[in-house]
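Here's the letter readout for the chains.
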Amino acid sequence: MKCSSPVFANLPAHGGWLLFPVALFLACFLSSAIIPPFQSPDEFDHVKRAYLLTQGRIVLDSPEGNSSGGMIDTGLLAYMRSYGNVPFHPDRKLSADEIDEAKSIQWAGTREFSPAPGTGYYFPLIYAPQATGLIIGEMLGVSVEQSYRLARFFVLVFASLIIAVAFLIHRPPPLVAALLVIPMSLFQFSSASLDGLSTALSILAISVFMRIAMDKKQAGLWLLHVLTGSVILVVGCRVHLLPLILLIFGTFFFTKSSKSLIAGGVASILVVLWLAVAFKSTVDNRFAAGLPVSRILFHYLANPSSFVRVLIATLSSADLARFYAQSFFGILGWLDARFPDDIYTWLYALFFLVAIFSTSFRNIEAEWLVRLLLVICAFCSILLIFLALLVTWNAHPASVIQGVQGRYFIVPALLIAYALDCSSGSDSPSLAGPALLAAFFLFSLFNTGNLLLDRYYLFAEQPQMAKLEMRATPPLTRDVSIKLTMHRQQNEKPSSLKRIAVMFGTHMRKNSGSAELRLTTKEGDGLAVSFDLSDLADNQYRWFDLDDRPYVAGEVLFSTGGGISIWEVHDDKGPVSSCLIYEFSNGSKRYTKACPRP
């Protein structure tokens, strides 16, 4: 059966672009293996919001005196704390021990309130991919780390599939693909935040609009449905993209169907209703502008010249302009991972070349309305970015607008990229654009990988290696006990212990009698556990169940038998550590460095 839809009639011309989403998926999948968890801005709160969606929470709770949030699994919160000291500290690197400890954290099954106010304004359905990964991981009983990785994976899969569908519906200019492979896009697509999926849905909406504009009255009604749904999802989580609703109304100029106006009206009503609910129910105590947001907004709406003056002052700042450009292409992490200046120069130059070969004015007379609508949407979106940050993130009155990041302009840039080349794909595209795109992709990916390794794992200087040696303590006797020397971090920041394992040496014999393990907290509270020496295996760990208290010291004492030792690691600089495995109440584990693992 032959399909008469113009969309599918152009599949052969667009099919080659299916290779791009595959390449993007592979590049981001590999980048995801390098990027530590929660290194995208506000990713902690995004994952909390996704978890709350798994619990059926649509609107956040707002306890008195707290910012809005919800009840989060304590294992997930412990996993977040494992990486909480990395953002904003460019010199902070991750060790293998820290990563291993975080990987061992399990779902706890107990919940406590945690704020996530920045996500209260986002319609939660867009978190469905992240929520899918988290709920599958929790149901399978895998670690929080593996569940988080599943969340990242599902976001990347959904985003890649959406982009593939969008490219089938309308062939993109090379500049659109270039915007998807700048370092910032690669980084965000590799995370569990919203940027990857919201960008993909924006591309789908623009592609569908372009297809309707090309097919006019022949456009299938399902295209209007897809456009409306994708715009509602995007605008529901990105208020500055509110002008995308104009694309729904704009299809009326090409289809002459009242259904376009109805769809635009429905989208507008639903978005306004959601924003009204979100703004009414969300409490954000992170920043106080001095006046309610509504009053500040009314001031600038009533006095547009005031907004224009602040905007001009902001755009006139050379430092801010430089920051916008660099953070558009990529200041990664929590704005704590910059490229060298020469890398930015090459990124600008290659991107400019791709833009030149992506621009076409061949059909400008027939396509002027399409291009104009796209440019209007982009311009209005940019204005909304500055206005939204001005009224929510700046003390009133402000002289310049702080808080704007370059990555906020990626979707407006996509609108402009489509406006520069509205070709329907009937003409054979030049090979220069795709060739430059490939070069830009490789350059961006290579330097992004280098920066990520340098930021999170590589030290500026080779750390001085300590000489570590394992030794057994003198055997336990009636007069000589064996002291347990615990990990420095457990002494400085005690954590509740569920179990502890001690590596014993029996000197290749079966010992008789019993001994006692005594543990103490900083407050002096103690626990005594008796154990049978005949149960010990030579050079093996023996687990002891504890009572979830933060013990910081211990010793093994003679009861009715002795002759056993405990293995220790001796540092040539002085410190001695007993070979212990700590299993904390949150499910994580910590191992003594240089001791064997079971």
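The coordinates are above.
Counting starts from 1 at the beginning of each chain's written sequence and moves along it residue by residue. Whole-chain, interface and lining totals are the exception, using all residues; otherwise, since this is a predicted model, local features are given only for residues with pLDDT of at least 70 and side-chain atom pairs are given and counted only at 80 or more. Excluding hydrogens and water, the side-chain figures rest on all heavy atoms present in the structure.

### Quick notes on the state of the cysteines
Stated precisely, the cut-off is as follows: The criterion for a disulfide is a pair of cysteine sulfur atoms lying within 2.5 Å. Each helix is a run of DSSP H or I of at least 4 residues and each strand a run of E of at least 2, with the numbering of both proceeding from the N terminus.
As enumerated under the stated definition, the model contains one disulfide in all. Covalently, Cys579 is tied to Cys595 through a disulfide, its sulfur atoms 2.1 Å apart. A torsion of -75° about the S-S bond marks the disulfide between Cys579 and Cys595 as left-handed. One end of the pair, Cys579, is in the loop between β11 (576–578) and β12 (580–584); the other, Cys595, is in the segment after β13 (589–591), with 16 residues separating them in the sequence. For the unlinked cysteine Cys237, the closest cysteine sulfur is that of Cys377, found at 16 Å.

### Focus on unusual backbone geometry
In plain terms, the rule: Any residue under 20% of the maximum accessible area for its type is buried, any over 50% is exposed, and the rest in between are partly exposed; the area is computed with a 1.4 Å probe on protein chains only.
Here the amide bond leading from His396 into Pro397 is cis, since omega sits at 0°, within 30 degrees of zero. Along the chain, Pro397 falls in the loop between α20 (364–392) and α21 (410–420). Residues other than glycine seldom take positive phi values, yet Phe88 does so here, at roughly 70°. The exposure class of Phe88 is exposed, given its relative accessible area of 57%. Although it is not a glycine, Lys256 sits at a positive phi angle of roughly 55°.

### Describing the packing of aromatic side chains
Short version of the rule: Ring pairs are drawn from Phe, Tyr and Trp, using the six-membered ring of Trp, whenever the two centres fall within 6.5 Å, and their geometry is named by plane angle: stacked under 30 degrees, edge-to-face over 60, tilted for the rest. The rule is short: NZ of Lys or CZ of Arg within 6 Å of the ring centre and within 35 degrees of the ring normal puts a charge over the ring.
Here the structure, examined in full by the defined rule, presents 34 aromatic pairs. Centroid distance Phe38 to Tyr79: 5.6 Å. Interplanar angle 70°. Geometry classified as edge-to-face. Of this pair, Phe38 sits in the loop between α3 (19–34) and α4 (43–54) while Tyr79 is found in helix α5 (residues 74–82), placing the two residues 41 residues apart along the sequence. Each of the two residues, Phe38 as well as Tyr79, counts as buried. An aromatic cluster of three or more residues is present, and its members are Phe38, Phe44, Tyr79, Tyr83, Phe88, Tyr148 and Trp334. Just above the ring of Tyr122 sits the side chain of Arg238; from NZ or CZ to the centre is 5.4 Å. In this structure, Arg597 is placed above the aromatic ring of Tyr591, and the distance from its NZ or CZ to the ring centre is 4.1 Å.

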